[in-house]
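Next come the chains, spelled out residue by residue.
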Amino acid sequence: MTKVWFIAAAAVCLLLSMQRVAEGSVHEYNNVGLAQKGNAYMLYGGSEGLYATSANAQGSGVANGKSYIRFDNSLTFRRTPESVLSFSPKDENTGLVEAIIFEVADMDKIGGRVHDQRAFCCSKDLSKEIGCPENEVIKRASAEDPNWPLAIRVYFQGTELEAKFFFTDVNITKTGMYTLYFITCDDRLSGLVVSGKTMWKNPYGYLPGRMAPLMTFYGFLSLCYLVLGLFWFMQYLRFWKDILQLQNCITVVIALGMVEMAMWYFEYVNFNTTGLRPMGITIWAVTLGAVKKTVSRLLILVVSMGYGVVRPTLGGLTSKVLLLGGTYFLASESLDVVENVGTINDLSGKARLFLVLPVAILDAFFILWIFTSLSKTLEKLQARKQVAKLDLYRKFTNSLAVGVVVAVLWIGYELYFKATDSYSEGWQNAWIISAFWSILTFLLLCVVCALWAPSQNSTRYAYSEDVGEDFDDESAVALTAPNGVGKTVAVDAEKAASKERKPVNTDVFSLDDDVEEDKRE
């Protein structure tokens, strides 16, 4: 298993080394070329949800109520020397580049159709047909604001190879999802590259609109974990002599959750203040999250197997559990690193699907193994008539079943939300999608804490060599009956124990865990 964890750690380090400095609302373009689409050359400059500038916006701080898209004076367009030769030396303006900004509701105002094909630039035929300026981007005024969509023009002068943007702020007066494209309609400017940056700011800071509620959410959830941790720690100190190994594992999960939520909160605070995502704190938050998700799933799995309740150890199952845990950590860490560390605009749907599928498959395997183990554990407890433990596990099973049903329903809603929101028009509610899973995880953890809270009766649920430790009153009377009856009970107990013993299963991928405890009972 050491090899598994070493491979997982090495792969994660490789992923991290491939990431460049993470950018957020500061969008950087490092000599990126414009690609031909239809009759235009264009580059996607970014897309974010922006709230309108507040009515009483003032001051120079980050949270000053102003909302804008800022074109930094470092933003530069560079053409090839060959393209200069295609212009007349007498021309003053030798090449036009346009920065097009539009709100998603106005996306149909950009471009037109020629012979049933999408065209972004105005050709000679379209110029005669609809009266648009030739060799410029086709745009029609919005019904709400005639100045939008917005086009900012930059011209090359004479034989110069570079054209610079002057420092420009585009004030946002309407809340919406805004998109930026750099477009040129001049074929002679093929090979054009862009370098520099744009800055997108909301009234409260640099956090994109879809992420802003998560900062408050993570702060609130950090406090919830703190309250849960304080309650658990007080009970832990009060009954420290009766603590079970399982309760130590729960303590670790609570601590990981508390630190993870705090890390995400401070990462978002820094992001909101600077517009940049600090790679260090983001990697720590992502890694802690992957560790917590892995440990949480393993905790529920070993509880379902009856660890510390119907079996003292996992025996030969330990290697299987650790193998599954190590694989899940690697898959989860890979997905979270790609989604959170660095710019994710270039991550295609296929690339994300490639990383999401392994996590989804492993989660399904966890659920299958958990409920298979729970079924067997309940059967054992019922056969042994361990009433207190049986009641505890029934409550645990019901809670998990409700959690799985809710999760499946939410997955259906999430698929519907994404399928009907192709252009991110529901960005103001998108944060709920990711927040739900954090809430569900926390609620399940609260259930586990409530069921296995440290108390003076904690050892009542611990594993014991005495098969009849929790017999009900009728069984207790039977055990104290005359010798003949007592022998009958002893024989019945021996038969029940012998029925549970099965041949050893050597299949590493089998979910059958009954055989592993025969060595212990």
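Here we summarise the structure given alongside this text. (Residues numbered from 1 in each chain as written. Predicted model: local features only at pLDDT ≥ 70, side-chain atom pairs only at ≥ 80, totals over all residues. Heavy atoms only, no water.)

## Overview of the overall build of the protein
Stage number 1. When helices and strands are tallied, the protein shows 12 helices and 13 strands.
Stage number 2. Across the 521 residues of the protein, 45% fall into the buried class.
Stage number 3. Expressed as a percentage of contacts within the protein between residues at least 6 apart in sequence, the contacts between residues at least 24 apart total 78%.
Stage number 4. Put simply, the protein shows about 26,600 Å² of open surface, and 61% of that area lies on carbon and sulfur atoms. (Helix = DSSP H or I, 4+ residues; strand = E, 2+ residues; numbered from the N terminus. Buried < 20%, exposed > 50% of the residue type's maximum accessible area, 1.4 Å probe, protein only. Contact = heavy atoms within 4.5 Å. Areas by Shrake-Rupley, 256 points an atom, 1.4 Å probe, with all protein chains shown as cover.)

## Re the pattern of salt bridges
Between side chains of opposite charge, pairing is possible as soon as their charged atoms come close.
Stage number 1. Scanning all chains against the criterion turns up 12 salt bridges.
Stage number 2. Two residues, Glu136 and Arg153, come together in a salt bridge whose shortest N-O distance is 3.0 Å. On the criterion of sequence distance, the pair formed by Glu136 in the loop between α3 (124-130) and β9 (150-157) and Arg153 in strand β9 is long-range, its members being 17 residues apart.
Stage number 3. Across the salt bridge formed by Asp186 and Arg188, the nearest N and O atoms sit 3.1 Å from each other. (Salt bridge = Lys/Arg side-chain N within 4 Å of Asp/Glu carboxyl O.)

## A closer look at unusual backbone geometry
Stage number 1. The amide bond that connects Trp148 to the next residue, Pro149, takes the cis arrangement and shows omega of -5°.
Stage number 2. Secondary-structure assignment places Pro149 in the loop between α3 and β9.
Stage number 3. Located in the positive-phi region is Asn31, a residue other than glycine, with phi close to 55°.
Stage number 4. Within the secondary structure, Asn31 sits in strand β1 (residues 26-33).
Stage number 5. Classification of Asn31 by relative accessible area gives exposed; the value is 56%.
Stage number 6. Phi is positive for Lys385, which is not a glycine, with a value near 60°.
Stage number 7. Note that Lys385 resides in the loop between α8 (349-384) and α9 (387-419).

## A word on the packing of helix α5 (residues 245-274) against helix α6 (residues 279-304)
Stage number 1. Relative orientation of the contacting elements α5 and α6 amounts to 155°, with a least axis distance of 9 Å. Between α5 and α6, the angle is such that the two are roughly antiparallel. Here the hand of the crossing between α5 and α6 comes out left-handed.
Stage number 2. Split by residue class, the contact of α5 with α6 holds 18 nonpolar, 4 polar and 3 charged. (Axes fitted to C-alpha atoms, helices over the stretch in contact; angles between N-to-C directions. Parallel < 35°, antiparallel > 145°, perpendicular 65-115°, else oblique. Left-handed = near helix turned anticlockwise from the far one by under 90°. Nonpolar A, V, L, I, M, F, W, Y, C, P; charged D, E, K, R; others polar.)

## A few points about the state of the cysteines
Stage number 1. All chains considered together, the criterion is met by 2 disulfides.
Stage number 2. Across the disulfide, Cys121 is cross-linked to Cys185 (sulfur-sulfur distance 2.0 Å). Here the disulfide of Cys121 and Cys185 is left-handed, its torsion about the S-S bond being about -85°. Placement of Cys121 in the loop between β8 (117-119) and α3 and of Cys185 in the loop between β12 (176-184) and β13 (193-201) is noted, with a sequence separation of 64 residues between them. Each of the two residues, Cys121 as well as Cys185, counts as buried.
Stage number 3. Between the sulfur atoms of Cys122 and its disulfide partner Cys132 the distance amounts to 1.8 Å. Classification of the bridge connecting Cys122 and Cys132 rests on its S-S torsion, roughly 75°, and on that basis the disulfide is right-handed. Taken together, the residues Cys122 in the loop between β8 and α3 and Cys132 in the loop between α3 and β9 connect sequence positions 10 residues apart. Judged on exposure class, the residue Cys122 and its partner Cys132 are both buried.
Stage number 4. Considering cysteine sulfurs only, Cys446 is the nearest to Cys449, which forms no disulfide, with 6.3 Å between them. (Disulfide = S-S within 2.5 Å.)

## Here's the deal with a nonpolar patch on the surface
Stage number 1. On the surface, a cluster of nonpolar side chains totalling about 280 Å² of accessible area is made up of Leu223, Leu226 and Leu230.
Stage number 2. Within the secondary structure, Leu230 is located in helix α4 (residues 212-238). (Patch = residues over 30% accessible without salt bridge, like charges linked within 9 Å, V, L, I, M, F, W, Y side chains within 5 Å.)

## What about the packing of aromatic side chains?
Stage number 1. In the structure shown here, the tally under the stated rule is 25 aromatic pairs.
Stage number 2. On the basis of an interplanar angle of 65° and a centroid distance of 6.2 Å, the ring pair of Tyr51 and Tyr204 is categorised as edge-to-face. Separated by 153 residues along the polypeptide, Tyr51 in the loop between β3 (40-50) and β4 (68-71) and Tyr204 in the loop between β13 and α4 bring together distant segments of the chain.
Stage number 3. When its relative accessible area of 23% is taken as the criterion, Tyr51 is described as partly exposed.
Stage number 4. By relative accessible area, which is 24% here, Tyr204 ends up partly exposed.
Stage number 5. Where Phe102 meets Tyr181, the ring centres are 6.4 Å apart and the plane angle is 0°; that geometry is what we call stacked. (Phe/Tyr/Trp six-rings, centres within 6.5 Å; stacked < 30°, edge-to-face > 60°.)

## Regarding the sheet that holds β3
Stage number 1. Taking strand neighbours across the sheet as the criterion, the 5 strands line up as β2-β3-β12-β6-β9 in an open arrangement whose pairing is antiparallel. With one partner strand each, in any of the chains shown, β2 (35-37) and β9 form the two edges of the open sheet. The sheet shows a mean angle of 35° between the axes of neighbouring strands, taken without regard to direction.
Stage number 2. Inspection of the sheet shows β3 paired to β12 by 9 bridges, in the antiparallel sense. Within β12, the residue paired with Tyr44 across the bridge is Tyr181. (Pairing = 2+ DSSP bridges.)

Remember, this is a structural readout, not a statement about activity or role.
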